[in-house]
Amino acid sequence: QVQLKESGPGLVQPSQTLSLTCTVSGFSLTSYNVHWVRQPTGKGLEWMGVIWTGGSTDYNSALKSRLSISRDTSKSQVFLKMNSLQTEDIATYYCARGRRFDYWGQGVMVTVSS
Amino acid sequence: EIVLTQSPTTMAASPGEKVTITCRASSSVSYMHWFQQKSGTSPKPWIYDTSKLASGVPDRFSGSGSGTSYSLTISSMEAEDAATYYCLQRSSYPWTFGGGTKLELK
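Definitions and cut-offs
- Residues numbered from 1 in each chain as written.
- Chains lettered and ligands numbered in written order.
- Predicted model: local features only at pLDDT ≥ 70, side-chain atom pairs only at ≥ 80, totals over all residues.
- Heavy atoms only, no water.
- Pairing = 2+ DSSP bridges.
- Helix = DSSP H or I, 4+ residues; strand = E, 2+ residues; numbered from the N terminus.
- Axes fitted to C-alpha atoms, helices over the stretch in contact; angles between N-to-C directions.
- Disulfide = S-S within 2.5 Å.
- Buried < 20%, exposed > 50% of the residue type's maximum accessible area, 1.4 Å probe, protein only.
- Contact = heavy atoms within 4.5 Å.
- Buried area = accessible area lost by both parts, 1.4 Å probe.
- Polar contact = N/O pair within 3.5 Å; in protein donor to acceptor, adjacent residues only side chain to side chain.
- Nonpolar A, V, L, I, M, F, W, Y, C, P; charged D, E, K, R; others polar.
- Phe/Tyr/Trp six-rings, centres within 6.5 Å; stacked < 30°, edge-to-face > 60°.
- Lys NZ or Arg CZ within 6 Å of the ring centre and 35° of its normal.

Draft legend 1. Spotlight on the sheet that holds strand β3 (residues 19–25) of chain B. Residues and elements named next belong to chain B. Pairing is antiparallel in the open sheet, where four strands are placed in the order β1-β3-β8-β7. Strand pairing shows two members of the sheet lacking a second neighbour, β1 (4–7) and β7 (61–66), which therefore form its edges. On average, each strand axis in the sheet is tilted by 15° relative to the strand beside it, whichever way the strands run. In the sheet, β1 pairs with β3 via four bridges, with the strands oriented antiparallel. Residue pairing in the sheet places Leu 4 in a bridge with Ala 25 of β3.

Right, dumping it as structure tokens:
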């Protein structure tokens, strides 16, 4: 069945780089695009960016200078890297499948602290 | 950036009551999409392309709207509908979500 699972360090030091992995199963990354969405605790959702089936990407302009999304289709993994992390980046980070966001991962909570 | 404003931000409804949540866009969008999120869980797709129910969504839910004004309606509130609902526009980058409407059971 379709599954997405985010993984990565739960704690990042201020000004450092966040690296997250979304491992998918039950579908191919060449058939479905994958989005990253984040949610600060108790707040709303923010679309971060997408990697399309052909490998191209689009980013939220507010994050574009810090954000990179890539993938390894052979491993069914999508990667998020965001640099210069600050306390405003504390959130749960989700990956989601397709234009309809029809499947989501469970999310990974990221804290920024020294 | 298209800003989506949801109203109300919080509301409570009694069982059987009709509920309407509105999402207004700062510029015209082609479609609106809705998600349901319960506390501690990932969002779920609820309504896509303005009025199409996602798989498994009860038919007491409906969606409508055009241009800059869209709505999600529950014809008769049930306890399981208590959740936070978010609208999403995909017409223009960056894709943006509304701030959410928390629906509680009265």
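Alright, that's what it looks like, and here's the rest.
Draft legend 2. Quick peek at the sheet that holds strand β1 (residues 3–7) of chain A. Residues and elements named next belong to chain A. Pairing in this open sheet of four strands is antiparallel, and the strands run β1-β3-β8-β7 from one edge to the other. At either end of the open sheet lies a strand with only one pairing partner, and these are β1 and β7 (67–72). For this sheet, the mean angle separating the axes of adjacent strands, direction not counted, is 20°. With six bridges connecting them, β7 and strand β8 (residues 77–82) associate as antiparallel partners. Bridging across to β8, Arg 71 finds its partner in Val 78.

Draft legend 3. The arrangement of the state of the cysteines in detail. Residue and element names in this part refer to chain B. Using the criterion set out here, one finds two disulfides over all chains in the structure. Paired by a disulfide, Cys 23 and Cys 87 hold their sulfur atoms 2.1 Å apart. With the S-S dihedral at roughly 70°, the linkage between Cys 23 and Cys 87 falls on the right-handed side. Of the two residues, Cys 23 is situated in strand β3 and Cys 87 in strand β9 (residues 83–89); the sequence distance between them amounts to 64 residues. Overall, the relative accessible area of 0% leaves Cys 23 in the buried class.

Draft legend 4. Region of interest: the interface of chain B and chain A. Listed per partner, the contact involves 15 residues of chain B and 21 residues of chain A. When chain B packs against chain A, the two sides together hide about 1600 Å² of surface, and 62% of this comes from carbon and sulfur. On inspection of chain B and its partner chain A, the count reaches seven residue pairs in polar contact (both at pLDDT 80 or more). For the side of chain B that touches chain A, the secondary structure elements donating two or more residues are β4 (33–37), β5 (44–48) and β9 of chain B. Of the residues belonging to the side of chain B that touches chain A, the class tally is 10 nonpolar, four polar and one charged.

Draft legend 5. Structural context of the packing of aromatic side chains. Counted by the stated rule, this structure contains 14 aromatic pairs over all chains. Seen in terms of ring centroids, Trp 52 of chain A and Trp 95 of chain B are 6.1 Å apart; in terms of plane orientation they differ by 75°. Their pairing is edge-to-face. With Trp 52 of chain A in the loop between β5 (46–51) and β6 (57–59) and Trp 95 of chain B in the loop between β9 and β10 (96–97), this residue pair bridges two chains. Residue Trp 52 of chain A is classed as buried on the basis of its relative accessible area, which comes to 16%. Grouped by ring-pair contacts, the aromatic residues Trp 47, Trp 52, Tyr 94, Phe 101 and Trp 104 of chain A together with Phe 35, Tyr 93, Trp 95 and Phe 97 of chain B constitute a single cluster. Positioned above the aromatic ring of Tyr 32 of chain A, the side-chain terminus of Arg 97 of chain A is 3.7 Å from the ring centre. The ring of Trp 95 of chain B carries the charged tip of Arg 90 of chain B above its face, separated from the ring centre by 5.9 Å.

Draft legend 6. Representation of the environment of Ser 27 of chain B within the structure. Residues and elements named next belong to chain B. Looking at the secondary structure, you find Ser 27 in the loop between β3 and β4. Owing to a relative accessible area of 37%, Ser 27 belongs among the partly exposed residues under this scheme. Through-space distance from the C-alpha of Ser 27 to that of Gly 67 is 7.7 Å; in sequence the pair is 40 residues apart. Other than its neighbours up to four places away in sequence, Ser 27 contacts Ile 2, Gly 67 and Thr 68.

Draft legend 7. Spotlight on the side chain of Gln 36 of chain B. Residue and element names in this part refer to chain B. Its place among the elements puts Gln 36 in strand β4. Overall, the relative accessible area of 5% leaves Gln 36 in the buried class. Separated by 3.0 Å, the side chains of Gln 36 and Tyr 85 make a polar contact.

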